[in-house]
Amino acid sequence: MVAVKQSIDGGARRAVFAPVEGRARVEAVVQRLGDAIELGLLADGEQLPGESELAGQLGVSTVTLREALMALRQQGLVTTRRGRGGGSFVSLPELPGEERLKVRLRGWSTEELRDLGDHWAALSGAAARLAAQRTDADDLAQLRRSVDELAGAEDAATRSRVYGRFHVELAAAAQSARLTREQVALQTDIGALLCLVLGDDEYGEEVADRHRSVISAVQDGAHESARELAERCVLESTARLIALRLSL
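We now turn to the structure provided with this report. (Residues numbered from 1 in each chain as written. Predicted model: local features only at pLDDT ≥ 70, side-chain atom pairs only at ≥ 80, totals over all residues. Heavy atoms only, no water.)

**Describing the overall build of the chain**
Scanning the chain from N- to C-terminus turns up 11 helices and two strands. Helices (α) and strands (β) of the chain occur, in sequence order from the N terminus, as α-α-α-α-β-β-α-α-α-α-α-α-α. Taking 2.2 N^0.38 as the reference for a compact globule, 248 residues should give roughly 18 Å; the C-alpha atoms of the chain span a radius of gyration of 18 Å, in line with that estimate. Referenced to the eigenvectors of the C-alpha coordinate spread, the extents of the chain come out at roughly 50 × 45 × 35 Å. The proportion of buried residues among the 248 residues of the chain is 48%. Considering only residue pairs separated by 6 or more positions, the chain has 75% of its internal contacts joining residues 24 or more positions apart. Carbon and sulfur atoms make up 45% of the accessible area of the chain, which totals about 11700 Å². Here the chain holds 31 positive side-chain charges and 38 negative ones, and the gap between their average locations is 5 Å. (Helix = DSSP H or I, 4+ residues; strand = E, 2+ residues; numbered from the N terminus. Rg over C-alpha atoms; globule rule 2.2 N^0.38 Å. Buried < 20%, exposed > 50% of the residue type's maximum accessible area, 1.4 Å probe, protein only. Contact = heavy atoms within 4.5 Å. Areas by Shrake-Rupley, 256 points an atom, 1.4 Å probe, with all protein chains shown as cover. Lys, Arg positive; Asp, Glu negative; His and termini not counted. Charge placed at Lys NZ, Arg CZ, Asp CG, Glu CD.)

**Some words on the pattern of salt bridges**
Inspection of the entire model under this criterion finds 10 salt bridges. If you follow the salt bridges from partner to partner, you end up with Glu149, Arg165 and Glu169 in one network. (Salt bridge = Lys/Arg side-chain N within 4 Å of Asp/Glu carboxyl O.)

**What to know about the pairing of strand β2 (residues 87-90)**
Where strand β1 (residues 78-81) lies against β2, four bridges are found, and the strand directions are antiparallel. Note that in β2 the partner of Thr80 across the bridge is Ser88. Between the end of β1 and the start of β2, which pair antiparallel, lie five residues, with Gly83 showing a positive phi angle near 80 degrees. (Pairing = 2+ DSSP bridges.)

**Let's talk about unusual backbone geometry**
The backbone phi angle of Gln175 is positive, close to 60 degrees, even though this residue is not glycine. Tracing the backbone through its elements, the reader meets Gln175 in the loop between α8 (156-173) and α9 (177-190). With relative accessibility at 53%, the residue Gln175 sits in the exposed group.

**Examining the packing of aromatic side chains**
Evaluation of the coordinates by the stated rule reveals one aromatic pair. Taken together, a centroid distance of 5.7 Å and an interplanar angle of 45 degrees make the contact between Trp120 and Tyr163 tilted. Of this pair, Trp120 sits in helix α6 (residues 110-134) while Tyr163 sits in helix α8, and the two are 43 residues apart along the sequence. In this structure, Arg81 is placed above the aromatic ring of Phe89, and the distance from its NZ or CZ to the ring centre is 3.8 Å. Sitting over the face of the ring of Tyr203, Arg240 holds its NZ or CZ atom 3.7 Å from the ring centroid. (Phe/Tyr/Trp six-rings, centres within 6.5 Å; stacked < 30°, edge-to-face > 60°. Lys NZ or Arg CZ within 6 Å of the ring centre and 35° of its normal.)

Don't take any of this as a statement about function, it's just geometry.
Rendered as structure tokens:
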């Protein structure tokens, strides 16, 4: 059995396995788990809880869960092994190639990208402000580990996943399940696109420094500064995507 990845923040994981809402339960489970896998909140090779346990956590029937797992298998996000030590395991997909990402970026207008960036900045800014008000310094270890991982990443794919995961963990540090779920969903829209701007080593270092500044402000309880720094980080990345979109 592959061990569960221990470095993922508990608050972010709780948001992944919280009960789903809405009537289209199969689609909701597929989206929730698929988003978490693509973002890296669930580790490659990680074994998911057993069907009965996972269905209970998500608040759905085992029949609904099985249909969702079948859909995830068809998407290549989950594999199933039979026999002793078997079960459902995460299969982390490779991010699309640069040309495919550029095609995806062309599908967004600059106005849509700006609107998406504004929404992201609002979420991350609110999360940083609340984290500075609610979180103890001892609870920031995962955010620091993510920054270190980002600084040490050598490829754009890893940087984009860790970048997005940092903002999910920031929402978890704010102790807001709704903000955390919103961040997970948002990263599926913009996360892969960040590969197009995070291939620059210098910018990767700049983002890591910006994230460190957010953590410092949260630790100091400087809630307005934390909000402003988180917003600035997101808006800068969005501006780079918009500039690239204009050049295509």
